[in-house]
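Residue-level structure breakdown
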Amino acid sequence: MFSYRHAFHAGNHADVLKHTTLIALMKYLTQKDTALTVIDTHAGAGLYRLDGDYTETSGEAREGIFKLILGQKAALAQEDASKAATKKVAPPAPLAPALQDYMDLLRKLNPQFAETGEAAHLKIYPGSPFIEQQFLSGRDKLKLFELHPTDFKSLSGNIEQLGVGRQVVVAREDGFEALKTFLPPPARRAMVLCDPSYEMKTDYLRVSGCMADAVKRFATGTYVVWYPIIPRPEAHDLPRKLKTLAVKAHRSWLHATLTVKSSKLTTGTDGEVIRPGLPASGMFIINPPHTLKADLQAALPQMVALLGQDRNAGFTLEHGG
Ligand code: SAM
């Protein structure tokens, strides 16, 4: 059985990249009048507590969403102090619209945080299913797949509380396989998020295979893949494979990466080897909306400035087609 639980990672820097991108995508794709089908092949639990045991133990949110909030607050406080001392310093840029939308969604789910702006009042973190659901209108549909029994149960309970009936369907099925049965979608508009845990090496191959099959079944869907950037050949190959598949199918594509720190192993004071944890991750999108590149072009430098931990921090943004 799988040991990966997203609760340990909720709100980390990879979630900041993934969820900011997802919000920008959902915002654009739900503006049209035709119904949209959203398929989330690896949904997770849907909602996470940032003050729960899992998140506190891993501390990953401290290097992600909390760092983003505290960094922006510090920049604003510095501006106030400079004003008071009538020093002339460049004012901090307001958050890019995509990051602003991300913060707005967090405020919506955390009324006390919305009221005070205090990071300590940010208690609930939305996973991809809740982000997707927030943007749906009556005609749209959301299909969620999650295999882990505990996360499936949490996800089902969390979605049930929304009282949205059959608009959102939750299934304990293999998302890679289930996707096939939903393409092409009835109104011929779909967005697919494929966000596995990559706990098993085979996940990398399954992602590229599943995306190739999906593009064959429904060429005009928007396909969104998150992947970790780690020293492993499969992880390096995945974006290359996705690019080749998009180019061969004459589809446009966009590839964004965010690095927050060096991937090098270091040595502790007692000579122990310290692994850096996840240093970087990427998003590969086939058939992105034309607005996404500008959205990320504005947001990525701010993510680097606010989340970067050393001089290796940076981003890349490429597109084609
Ligand atoms: N997309 C979620 C989010 O952004 O909030 C996080 C998902 S997490 C990275 C990956 C999830 O996929 C885990 O909860 C894991 O249990 C689940 N999983 C692993 N293999 C799966 C499969 N073949 N089909 C469906 N779910 C799977």
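You'll find the structure just up there.
Along each chain, the written sequence defines residue order, and numbers are assigned to residues from 1. For a predicted model such as this one, the threshold for reporting local features is a pLDDT of at least 70, and the threshold for listing and counting side-chain atom pairs is 80 or more; totals across whole chains, interfaces and linings nevertheless cover every residue. With hydrogens and water excluded, all non-hydrogen atoms of the structure serve as input to the side-chain values.

**Brief notes about the overall build of the protein**
- Per the convention used, a helix needs a DSSP run of H or I reaching at least four residues, while a strand needs a run of E reaching at least two, with both numbered from the N terminus. In terms of regular secondary structure, the protein is built from eleven helices and twelve strands.
- For a compact globule of 321 residues, the expected C-alpha radius of gyration is about 20 Å, and the protein comes in at 20 Å, within 12% of that figure.
- Reported as C-alpha extents along the three principal axes, the dimensions of the protein are approximately 60 × 45 × 40 Å.
- Only protein chains enter the accessibility calculation, which uses a 1.4 Å probe; a residue whose area is less than 20% of its type maximum is buried, one above 50% is exposed, and one in between is partly exposed. Per-residue burial for the protein yields a buried fraction of 49% across its 321 residues.
- Here, two residues are considered to be in contact whenever any of their heavy atoms come within 4.5 Å of each other. Long-range contacts, defined here as pairs at least 24 residues apart, represent 79% of the contacts in the protein between residues at least 6 apart.
- Counting every atom, the protein has about 15,100 Å² of accessible surface; 54% of that belongs to carbon and sulfur. This radius of gyration counts C-alpha atoms alone. The globule rule is 2.2 Å times how many residues there are, raised to the power 0.38. Here, Shrake-Rupley sampling with a 1.4 Å probe gives the accessible areas, and only protein chains in the shown set may cover a residue.

**Here's the deal with the pairing of strand 4 (residues 141–145)**
- Strand 4 sits mainly inside the fold: four of its five residues count as buried.
- Criterion used throughout: strands pair if DSSP finds at least two bridges between them. Pairing of strand 4 with strand 5 (residues 168–171), which is carried by four bridges, proceeds in the parallel orientation. Bridging across to strand 5, Leu142 finds its partner in Val168.
- Clockwise travel from the first strand over the helix to the second, with the strands pointing away from the viewer, marks a crossover as right-handed. Since strand 4 and strand 5 lie parallel, the crossover through helix 7 (residues 149–160) that links them has a hand, and here it is right-handed.

**Here's the deal with helix 1 (residues 13–29)**
- Expected span of a helix, by definition, is 1.5 Å for each gap between consecutive residues, and there is one gap fewer than residues. Here helix 1 is 17 residues long and its end C-alpha atoms lie 24 Å apart, about the 24 Å a rise of 1.5 Å per residue gives.
- The buried count for helix 1 comes to 16 of 17 residues, which makes it a mostly enclosed element.
- What qualifies as a polar contact is a pair of N or O atoms within 3.5 Å, subject to a donor-acceptor requirement within protein and to the restriction that residues adjacent in sequence count only when both atoms come from side chains. Among the residues of helix 1, the N-terminal cap falls to Asn12, whose side-chain oxygen and the backbone nitrogen of Ala14 are separated by 3.1 Å.

**Some remarks on the pattern of salt bridges**
- Whenever Lys or Arg places a side-chain nitrogen within 4 Å of a carboxyl oxygen from Asp or Glu, that contact is recorded as a salt bridge. For the structure shown, the criterion picks out 16 salt bridges.
- The salt bridge involving Asp151 is made with Arg5; its shortest N-O contact spans 2.9 Å. Highlighted residues: Asp151 in helix 7 and Arg5 in the segment before helix 1, separated in sequence by 146 residues. When sorted by exposure, Asp151 lands in the same class as Arg5, which is buried.
- A salt bridge links Glu234 to Arg232; its shortest N-O distance comes to 3.8 Å.
- By relative accessible area, which is 27% here, Arg232 ends up partly exposed.
- What you see here is one network of salt bridges that share partners, running through Asp174, Glu177, Lys180 and Arg206.

**Here's the deal with the side chain of Asn12**
- Considering the arrangement of structural elements, one finds Asn12 in the segment before helix 1.
- In this structure, Asn12 is in contact with Glu60, Ala61 and Gly64, ignoring residues within four places of it in sequence.

**Observations concerning the packing of aromatic side chains**
- Any pair of Phe, Tyr and Trp rings, taking the six-membered ring for Trp, is counted once the centres come within 6.5 Å. Such a pair is stacked with planes under 30 degrees apart, edge-to-face with planes over 60 apart, and tilted for the rest. According to the stated counting rule, one finds four aromatic pairs in the structure shown.
- Here the aromatic rings of Phe145 and Phe182 are separated by 5.9 Å at their centres, their planes lie at 45°, and the arrangement is tilted. With Phe145 in strand 4 and Phe182 in the loop between helix 8 (175–178) and strand 6 (190–194), this pair connects stretches of sequence that are 37 residues apart.
- Classification of Phe145 by relative accessible area gives buried; the value is 3%.
- Classification of Phe182 as partly exposed rests on a relative accessible area of 26%.
- For the ring pair Tyr198 and Trp226, a centre distance of 6.0 Å and an interplane angle of 55° mean the geometry is tilted. You can see Tyr198 sitting in the loop between strand 6 and helix 9 (202–217) and its partner Trp226 sitting in strand 7 (residues 222–229), a full 28 residues away along the chain. For the pair Tyr198 and Trp226, one class covers both residues: buried.
- Just above the ring of Trp226 sits the side chain of Lys18; from NZ or CZ to the centre is 5.7 Å. Only Lys NZ and Arg CZ are tested; either one counts as a charge over a ring when it is within 6 Å of the ring centre and within 35 degrees of the ring normal.

**Some remarks on the site of the ligand**
- Think of it this way: one heavy atom of a residue within 4 Å of a molecule or strand is enough to make that residue near it. Taken together, 21 residues lie around the ligand, and His19, His42, Ser128, Glu146 and Asp195 are the ones closest in.
- Between the ligand and Ser128 there is a distance of 2.8 Å, counted from a nitrogen atom to a side-chain nitrogen or oxygen.
- Gly175 places a main-chain nitrogen or oxygen 2.9 Å from a nitrogen atom of the ligand.
- In isolation the ligand exposes 600 Å². Once the protein is present, 98% of that is buried.
- Put plainly, a pocket is an open set of points on a 1 Å grid over the protein atoms alone with protein on both sides within 12 Å along at least five of seven lines, a cavity is a set where a 1.4 Å probe fits but cannot get out, and a lining residue has an atom within 4 Å of a point. Any molecule with more than half of its atoms within 2 Å of a cavity's or pocket's grid points is regarded as sitting in that cavity or pocket. In this structure the site holding the ligand corresponds to the largest pocket.

**Let's talk about the nonpolar core**
- Only buried Ala, Val, Leu, Ile, Met, Phe, Trp, Tyr and Cys residues count toward a nonpolar core, and they belong to the same one when joined by side-chain atoms within 4.5 Å. Counting residues in each nonpolar core, the largest one holds 91 residues, and the members touching the most others are Ile65, Tyr102, Met211 and Tyr223.
- If one sorts the elements of this core by residue count, helix 1 sits on top with ten residues.
- When residues no more than four places from it in sequence are discounted, the contact partners of Tyr223 are Leu183, Val192, Met211, Ala214, Val215, Phe218, Phe284, Ile285 and Ile286.

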